[in-house]
Amino acid sequence: MPMPIWFPGWEGESYPSIVLFARRRMGYWIPKISRADHEEIIKDLLAKNVRPTWDAEHGCWTVSDDHFLQLAGVFLKRHPRVSVGREYNELEACNWRCKNAQSPRCTCSCQARNHAHVGSGKATG
C-alpha cells in the first residue's frame, strides 16, 4: 500500500506516521502493510474493539484520538523512527481550553506546549 504523499520519509525509507487532524479522527499509516491487514494489525496493537476506518481523502487509516499516546508508544517500540504531525492554526492564540487540556488535542499555535499550565513550554498531553 503506497504511503500518502503528505507523510514524510527519511532517506528514501518510510516509517509509521501519525497525524492529529484538527477536526477529524487521528490518521495513521503503517508501511509495508496491505490494506486488508490493517484492521487486524491495529486491533492487535491497540484493542480488539478499535475500529479503524479508511480516509480516502487523506489516504490513511483513522482511529479515535484517544489512542494517540498508545499508538505512538507501540510504533516507537517497533520502529527506529516514527513521524508525528499535528494540524494547527498558526493564528489561533492559546486560551483556557488549551491551558487546561489533559490530552494531545489542540489546534492553537502553541501546538500543545501550553497544555495544563505547563510553564516550561513543553507539551504534557
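Structure shown above.
Attention here is on the structure that accompanies the text. Quick caveat: nothing in here was measured; it's all calculated off a predicted structure. (Residues numbered from 1 in each chain as written. Predicted model: local features only at pLDDT ≥ 70, side-chain atom pairs only at ≥ 80, totals over all residues. Heavy atoms only, no water.)

Every buried residue belonging to helix α1 (residues 35–45) is among H38, I42, K43 and L45, and all of these are buried. Projected down its long axis, α1 shows its buried positions confined to an angular sector of 165 degrees, all on one face. For α1, the exposed residues set more than 90 degrees away from the buried face come down to A36 and D44. Summarising the contacts, the buried residues of α1 are in contact with β2 (26–29), β4 (60–63) and α2 (68–78). (Buried < 20%, exposed > 50% of the residue type's maximum accessible area, 1.4 Å probe, protein only. Helix = DSSP H or I, 4+ residues; strand = E, 2+ residues; numbered from the N terminus. Arc of directions from axis to C-beta. Contact = heavy atoms within 4.5 Å.)

Taken together, the buried positions of α2 are F68, L71, A72, V74 and F75. The buried residues of α2 all sit within an arc of 165 degrees when viewed along its axis, so they share a single face. Opposite its buried face, α2 presents the exposed residues L69, L76 and K77, each directed more than 90 degrees away. Summarising the contacts, the buried residues of α2 are in contact with β1 (17–20), β2, α1 and β5 (83–86).

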